[in-house]
There are 2 protein chains.
Amino acid sequence: MTDDGTGGDSGDVLGVSGFGSVGYPKLVPEALAAREDAATLDLTVISGGSVGPEVDEALVESGAMARRYPFIGHEVLRQAINAGTVAFHDRHVAAVADEVRFGGLPSPDWAVVEAVAVGADWLVPSPSVGSTPAFVAAADRLVVEVNAAQPRGLEGLHDLLVRETPPGRDPLRLAAVDDRIGSSRISFAPGKLASVVRTDRPDTTYTFREPTAVDRALADELAGFLDAELDRNPAFAEALNLQFGVGSVGNAVVSALDAVDLGDRDVAYFGEVLQDALLDALDEGTVTSASATSLALSAEGQDRLFADLDRYAEQVVLRPVDVSNDPALIDSFGVVAVNGAVEVDLTGQVNSTHIGTDVVGGVGGSGDFLRNALLSVVALPSTAAGGDVSRVVPRVAHVDHTEHDVDVVVTDQGVADLRGLSPRERLTAMLDVAHPDFRQGLRDYRERALERGGHTPGGFDLAAAWPSDGE
Amino acid sequence: MTDDGTGGDSGDVLGVSGFGSVGYPKLVPEALAAREDAATLDLTVISGGSVGPEVDEALVESGAMARRYPFIGHEVLRQAINAGTVAFHDRHVAAVADEVRFGGLPSPDWAVVEAVAVGADWLVPSPSVGSTPAFVAAADRLVVEVNAAQPRGLEGLHDLLVRETPPGRDPLRLAAVDDRIGSSRISFAPGKLASVVRTDRPDTTYTFREPTAVDRALADELAGFLDAELDRNPAFAEALNLQFGVGSVGNAVVSALDAVDLGDRDVAYFGEVLQDALLDALDEGTVTSASATSLALSAEGQDRLFADLDRYAEQVVLRPVDVSNDPALIDSFGVVAVNGAVEVDLTGQVNSTHIGTDVVGGVGGSGDFLRNALLSVVALPSTAAGGDVSRVVPRVAHVDHTEHDVDVVVTDQGVADLRGLSPRERLTAMLDVAHPDFRQGLRDYRERALERGGHTPGGFDLAAAWPSDGE
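All residue numbers refer to positions counted from 1 along the written sequence of the respective chain. Lettering of chains starts at A and numbering of ligands starts at 1, both following the order in which they are written. Thresholds applied to this predicted model are a pLDDT of at least 70 for local features of residues and 80 or more for the giving and counting of side-chain atom pairs; totals over whole chains, interfaces and linings are not thresholded and use all residues. Based on all heavy atoms of the structure, the side-chain values leave hydrogens and waters out of the count.

What follows deals with the overall build of chain A. To qualify as a helix, a DSSP run of H or I must reach at least 4 residues; to qualify as a strand, a run of E must reach at least 2; elements of each kind are numbered from the N terminus. When helices and strands are tallied, chain A shows 17 helices and 26 strands. Looking at chain A as a whole, 65% of its 471 residues are labelled buried. Total accessible area on chain A stands at roughly 14700 Å², and carbon and sulfur atoms take up 47% of it. The classification of residues rests on relative accessible area computed with a 1.4 Å probe and restricted to protein chains. Under 20% of the type maximum is buried, over 50% is exposed, and intermediate values are partly exposed. Shrake-Rupley sampling with a 1.4 Å probe provides the accessible areas, and residues are treated as covered by the protein chains on show and by no other component.

Contact residues are listed per partner, giving 85 residues for chain A and 85 residues for chain B. Buried area between chain A and chain B, both sides added, is near 6500 Å², and the carbon and sulfur share of it is 49%. Should a side-chain nitrogen of Lys or Arg be within 4 Å of a carboxyl oxygen of Asp or Glu, the pair is scored as a salt bridge. Linking chain A to chain B there are ten salt bridges. A salt bridge links Arg173(B) to Asp170(A); the shortest N-O distance between them is 2.8 Å. Polar contact is the term for a pair of N or O atoms within 3.5 Å; when the atoms are in protein, one must be able to donate a hydrogen and the other to accept it, and sequence-neighboring residues count only if both atoms are side-chain atoms. The interface formed by chain A and chain B contains 52 residue pairs in polar contact (both at pLDDT 80 or more). Looking at side-chain class alone, the side of chain A that touches chain B contains 29 nonpolar, 29 polar and 27 charged residues. It only takes one pair of heavy atoms within 4.5 Å for two residues to be counted as in contact. A quick way to say it: buried area is the sum, across both parts, of accessible area lost when two parts are put together, with a 1.4 Å probe. Here the nonpolar group is Ala, Val, Leu, Ile, Met, Phe, Trp, Tyr, Cys and Pro; Asp, Glu, Lys and Arg are the charged ones; every other residue, Gly included, is treated as polar.

All names here are of chain A. Criterion used throughout: strands pair if DSSP finds at least two bridges between them. Read from one edge of the open sheet, three strands run β18-β17-β24, paired in mixed fashion. Looking along the sheet, the strands with just one partner apiece sit at the ends: β18 (350-351) and β24 (392-393). Pairing between strand β17 (residues 343-345) and β18: two bridges, direction antiparallel. Its bridge partner lying in β18, Glu-343 is registered against Asn-351.

This next bit is on the pattern of salt bridges. Considering all chains together, one arrives at 60 salt bridges over all chains under this definition. Among the ionic pairs, Arg163(B) bridges to Asp331(A), the shortest N-O distance being 3.0 Å. With Arg163(B) in the loop between β7 (141-147) and β8 (186-187) and Asp331(A) in helix α13 (residues 327-332), the pair connects residues from two separate chains. No difference in accessibility class separates Arg163(B) from Asp331(A), as the two residues are buried. Arg68(B) is paired through a salt bridge with Asp56(B); the nearest N and O atoms lie 2.7 Å apart.

For the rest of this paragraph, the subject is the confidence of the model for chain A. In the predicted model, chain A carries a mean pLDDT of 95, and 97% of its residues have values of at least 70. pLDDT under 50 marks residues 1-9 of chain A. Its contacts with residues more than four places away, or in other chains, come to 28 contacts. Each residue carries a pLDDT score, the predictor's own confidence in it, on a scale running from 0 to 100.

Our focus in this paragraph is the environment of Glu425(A). Among the secondary structure elements, Glu425(A) is positioned in helix α15 (residues 423-429). Expressed as a C-alpha distance, the spacing of Glu425(A) and Leu226(A), which sit 199 residues apart in the sequence, is 22 Å. Apart from residues no more than four positions distant in its own chain, Glu425(A) is found in contact with Gly420(A), Arg67(B) and Ala87(B). Within the local environment of Glu425(A), its side chain forms a polar contact with the side chain of Arg67(B), the two groups lying 2.4 Å apart.

Our focus in this paragraph is the relation of the copies chain A and chain B. Overlaying chain A with chain B gives an RMSD of 0.0 Å, the required rotation being 180 degrees about an axis along which the chain moves by 0.0 Å. With respect to symmetry, the two chain copies, as superposed, fit the operation of a two-fold axis. Mapped onto chain B, 100% of the interface residues of chain A again fall at the interface, so both copies present the same surface. Overlaid copies result from least-squares superposition on C-alpha atoms, with residues included only where pLDDT is at least 70 in both.

Our focus in this paragraph is the packing of helix α7 (residues 213-232) of chain A against helix α8 (residues 248-259) of chain A. Residue and element names in this part refer to chain A. Between α7 and α8, the least distance of the axes is 8 Å, while the angle of their chain directions is 50 degrees. Classified by the interaxial angle, the pair formed by α7 and α8 is oblique. Note that α7 runs across α8; the crossing there is right-handed. The segment α7 lies against α8, with Asp-215, Leu-218, Ala-219, Leu-222, Ala-223 and Leu-226 engaging Ser-248, Ala-252, Val-253, Ser-255, Ala-256 and Ala-259. Angles run from 0 to 180 degrees between N-to-C directions of axes, and those axes are lines fitted to C-alpha atoms, restricted for helices to the stretch in contact. Put simply, angles under 35 degrees are roughly parallel, angles over 145 are roughly antiparallel, angles from 65 to 115 are roughly perpendicular, and the rest are oblique. Less than a right angle of anticlockwise turn of the near helix away from the far helix marks a crossing as left-handed, whereas a clockwise turn marks it as right-handed.

Residues and elements named next belong to chain B. One open sheet accounts for eight strands, arranged β15-β13-β11-β10-β16-β21-β25-β26; its pairing is mixed. Each end of this open sheet is capped by a strand with a single partner; those strands are β15 (316-318) and β26 (414-417). The average angle at which neighbouring strand axes cross in this sheet is 20 degrees, direction not considered. Here three bridges tie strand β21 (residues 375-379) to strand β25 (residues 408-411), and the two strands are oriented parallel to one another. Bridging from a neighbouring strand, Val-378 pairs with Val-409 of β25. Relative to the sheet, helix α7 (residues 213-232) contacts β10 (239-244), β16 (336-339), β21, β25 and β26, its axis offset from that of β25 by approximately 145 degrees. Along the sheet, helix α8 (residues 248-259) makes contact with β10, β11 (266-270), β16 and β21, crossing β10 at roughly 160 degrees.

It is worth spelling out the packing of aromatic side chains at this point. Aromatic contacts are taken between Phe, Tyr and Trp rings whose centres are within 6.5 Å, Trp giving its six-membered ring; a plane angle under 30 degrees counts as stacked, one over 60 as edge-to-face, and the others as tilted. The final tally for this structure, using the stated rule, is seven aromatic pairs over all chains. Where Phe460(A) meets Phe460(B), the ring centres are 6.2 Å apart and the plane angle is 15 degrees; that geometry is what we call stacked. You can see Phe460(A) sitting in helix α17 (residues 460-464) and its partner Phe460(B) sitting in helix α17 (residues 460-464), one on each of two chains. Across this residue pair, the class does not change: Phe460(A) and Phe460(B) are buried.

What follows covers the domain arrangement of chain A. Residues and elements named next belong to chain A. Residue ranges for the domains trace back to a domain assignment, done automatically or taken from a database. Here chain A is described as being made up of domain 1 (13-199) and domain 2 (213-463). A C-alpha centroid distance of 27 Å is found between domain 1 and domain 2. Taking both partners together, domain 1 and domain 2 bury about 3400 Å²; carbon and sulfur atoms supply 64% of that area. Our count for the contact surface shared by domain 1 and domain 2 stands at two salt bridges. Between Arg-319 and Asp-159 there is a salt bridge whose closest N-O contact spans 2.9 Å. Where domain 1 touches domain 2, the interface holds 16 residue pairs in polar contact (both at pLDDT 80 or more).

So, on to the environment of Trp122(B). All names here are of chain B. Structurally, Trp-122 can be placed in strand β6 (residues 122-125). When the C-alpha positions of Trp-122 and Phe-188 are compared, they lie 5.9 Å apart, and in sequence the two are 66 residues distant. Contact partners of Trp-122, with chain neighbours within four places excluded, come to Ala-117, Arg-152, Arg-185, Ile-186, Ser-187 and Phe-188.

To continue, consider the pairing of strand β3 (residues 65-69) of chain B. Residue and element names in this part refer to chain B. The buried count for β3 comes to four of five residues, which makes it a mostly enclosed element. Pairing analysis gives two bridges linking β3 to strand β4 (residues 87-88), with the strands arranged parallel. Across the sheet, residue Arg-67 finds its bridge partner in β4, namely Ala-87. Place the viewer so that the strands point away; then a crossover is right-handed whenever the path from the first strand over the helix to the second strand goes clockwise. Read from β3 through helix α4 (residues 75-83) to β4, the crossover connection turns out right-handed.

Bringing the pairing of β11(B) into the picture now. Put simply, side chains in a regular strand alternate between the two faces of the sheet. All names here are of chain B. Within β11, four of the five residues are buried, which leaves the element mostly enclosed by the surrounding structure. Bridging between β10 and β11 involves four bridges; their strand directions are parallel. The residue bridging Leu-240 from the neighbouring strand is Val-267, located in β11. In the classification by handedness, the crossover that spans β10, the intervening α8 and the parallel β11 is right-handed. Note: β11 against strand β13 (residues 289-292), three bridges, orientation parallel. From the neighbouring strand, Phe-270 faces β13, where its bridge partner is Ser-291.

Once that is clear, we can look at unusual backbone geometry. A cis amide bond links Pro166(A) to the next residue, Pro167(A), at an omega of -10 degrees. Position of Pro167(A) relative to the elements: it lies in the loop between β7 (141-147) and β8 (186-187). Note that the residue after Tyr69(B), namely Pro70(B), is joined by a cis bond; omega there is -10 degrees. With respect to the element layout, Pro70(B) can be found in the loop between β3 and α4. Notably, Ser21(B) is not glycine yet its phi reads approximately 65 degrees, a positive angle. Along the polypeptide, Ser21(B) turns up in the loop between β1 (13-16) and α1 (27-34).

Before going further, it helps to examine the side chain of Ser50(B). All names here are of chain B. Relative to the assigned elements, Ser-50 resides in the loop between β2 (43-47) and α2 (53-56). Overall, the relative accessible area of 8% leaves Ser-50 in the buried class. Setting aside anything within four residues of it in sequence, one finds Ser-50 in contact with Gly-18, Phe-19, Gly-20, Ser-21, Phe-71 and Gly-73.

Another aspect to go through is the side chain of Ser294(B). Residue and element names in this part refer to chain B. For Ser-294, the location among the structural elements is in strand β14 (residues 294-296). Exposure remark for Ser-294: the relative accessible area of 0% places this residue in the buried category. Polar side-chain contacts of Ser-294 include one of 2.6 Å to the backbone oxygen of Phe-19.

Quick look at the structure:
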C-alpha cells in the first residue's frame, strides 16, 4: 500500500480506526484485499479494538494480514491466529496509543480512518474513537473514508486529544464523568492527508439476545451485592461511578441498578462502550452521564442515539481509549468495575481470552478497569456450553487478571467476596459461585490440593486432571 | 490489645508502620507476643511492606497473629503462611492505603507507628513511610513508639499526605520526581493517641553481597539493552526516570547506568526503596533525585544517609507508598521499571512470589510499576540453586504479572524483547535468555507445545512434566 502502487511485501503498518466494530474503514481494506498481490502485502494492522469484516475477514482471507493488535472479534481472524498464520499479541487497549508512539508496538506508516467530516488539516471521526488520535499523530500518511451513513452531529459527542509525551506529562484530570478537556476534531499536519474516499456503507450493529433465567439470576446476585456494598462502603455514600462490559454483563448490571436502593446517589458510567442498556438507563434517569470510547448498539439503539444527538451530547462523551480507560481517571472516579470472563478459578485468577490454548477474543479494557478500579467485580454465568462446562475451574487456562486484581466474583449461583481472603480460604469461598453440578468435582480438587499443602495449594498435574481444561 | 487489658480473642486489626524492615514498631509487638494470652489474640497485622522480627517472628511464634497483609519478609512467618496457620493475602502495596479505608482490607483498630517525634496531634514517622498515613487516619486508636536511634532530621525527607476520598479525587501530580505536595508530619485527631513508648533499638540493616560473575553479566546485558533503547525511543530523549528493585537487580541497574552513554539526560529514580547503589549514584551525580517510600540500606549506607540528612533532603523524598507507586505518577514520569522475579515463562508471564505452591515473599510494588511503566523490564539470573534450576520455565508456577504487562526480559544470558511478539514467537525469543544447560529441555517443550497448536501453545500436562516445577 504505497502511493506509487509498488506495494508488494512492503510490510506496511496500518493504524486503523474502529472499536467495537464501529467507526472502521471499509473501502480501503476491501481494496487491499482485492489486490492481486494481496498475499504478499504482509500488513500489520493495529486498531483501537474489534473492527468490521472488511478488515478482519477480507484482509485475512486474502492473505494480506501478517500481524494484528490488540483485539480480535471475528471468527476468520481468530482461526488464522490460532493456526499461527497471523501473529497476534493481546494488549490492554488503554496502552495502545502510547505503544505505537513509544516503541511498544510498530509505529503506523498509514492511518486509515473513518470520519464523518474531513478538512485539509482536521477530521471528525465516526462513532468510534479508540486509538485513532494517536494513529493519526504517529502515522506518516493518512487516508480518510468519509461515511455519509454516520450523522455529522456525532461531532457533538467527541472529546478528543493526544496525550503529551512522557516523561513530565500531567496526569489527566476530569472534573466530572462528562467533563470535556479536548476538541471535537482531530488535527493533523496538512501534508499528511494522502487521500479521501467516500462511502455510505453502514457499520455492523449488535444483536442482543433476550435475558435468560441465568442472566436474571446473575442480575439478582449482583443487585444483592451492590445493595450491601453501597450500605457499607463510605466511598459510595454520595455517588457511584460504574464501568461494565458489553452484552449480558452490561444488561445484568443495568437490571441490578433498577433493583438497588440508590438513594439520592449520582450514578454515572465511566467505561468503554455505550450500549443499549446504558441508553435505557440514561433515558430513564438512573444513570445521569456516560463516558466511553465507542458504541455497541443494536440497530434500534443506534437509530435512537442518532435521532437525538444534541440531547445525548449533553450527557454522553466519546473519548480516546487512553482517556476513557486511563488508570488515573479510573482511580479518581473510584470506579466500580464489572466485567465478564471466560472462566475464573478457585484462587480468583481470571481468564478473559482463552479456551484452552486458543484465544477467543482479547483482554480489551478489562485489565484497565479491574486493575485500577476501587472495586473490581467479575460477573459471569456459572456454566458454558449449555451447562456442560463449568466456568469456575481449579486453575484457569490463561491468566489475564491475577489473584491480586479481583475483589469479587458473581455468578448466577452466588457471590464470592474474595477481599482479604487467603488462597486457601478462596478455595472454599469460590465453591459458592460454582454450579451445583460441578461443586463436588471442585471440592474433590480442593481436597487433593490441600493435601499437598502450600500457600496456594494446587499443581499443574491436578489442574490437568480437571475435565474441562479444554485440552 | 485493648486499653482495659481485656484483650483475649478480640481479633484486633493492627495497622503497623514499616516497609522494607525499617520504621516498624518494636516494643508493642514484643509486649503483645509476651502476653500469656498471646495465642488467643487473633490479630490481623497490616503493614506497608516487610517489617522486623518483633512483628513477623515474635507475634507468629507466640500464636498472636492470625492474619497478615500485604507482604512477608521473614522465614518464620513464611512457614506459618505456607502451613496455613496464618492467613495471608498478597496485595499490590500501592493499593493497601485505599484498601484499609474503603473496604478492601479490614480497617485498623490500632495504628502502631514508629516515629522520630510525636506531639498531641502530629507525628514524624521514622525512615519508612509505607501506608502509615492511611493507617493513622483509619485507626480508632494510635500507639506511637518514639525511637531515639533514628535521627530527628529524617523529617526533612518526608512528603506526607492522605489521599482524598474517591469518587472525585484529583489525580496526584508532581512537577518533578523530588517535588513536594504534602507535609513533613502526619496529623491526627488529638483524642486518637492512646500511648507513647520510647526506645532506642535500631532497625535491621541490609547486607548486600559482592556482585558475582552472573550479576556482572546481567548488568552488561541490561546496559546493552538500555543503550539501544535510549537511542531509539523518543520518550527518553531528554530524561530517564527509573525504578528498580532492591539488591542484585538494583546493583545491576546502577552498574548498567555507568556503562551507558546517558548524554546530557537527566536521570532520576522514581521508585520504592532507597538502597546503597542508589546512594552511590546520587553521590556520583549519575542520578540527580530520588523518590521512594522507604530505605533498604546497609549499616554503612544508613550511616552515610543519617550523617548528611540535610544534603540528601535536597535530592531525596520519602512518600506514602500510594504516592511513590501511584499509577498516574508512574505514567506521568514515563518510568522505566526494572524488577526481579522468581521465574519467567516462555510466553512472558512472571512469577514474583512462589516456589511451587509455597509463597516466598510478596508482589510488593512490582505490579504497580510493571503495569504502569512506559517500559517494563524483568531482570533475573537465568538459574537458581547454584545452577540446578532454570528460572526460565515453560509455565510459571504462579502468575503475578501477565503476558500483557511485561515488555522485556533480561538475564545474564541475553535479552528477550517481547514487545509486539505473539506467544508462539515468544516461545522462541525466550530461549535466548535461558541458560544453555536448559535450552534443549525448553526447546523440547516448545516442540511438544507447538504440535498441540493454538494461539498460546502449551497445556497443564506439558507444564507438569517440566523438571523444575517445584511440585
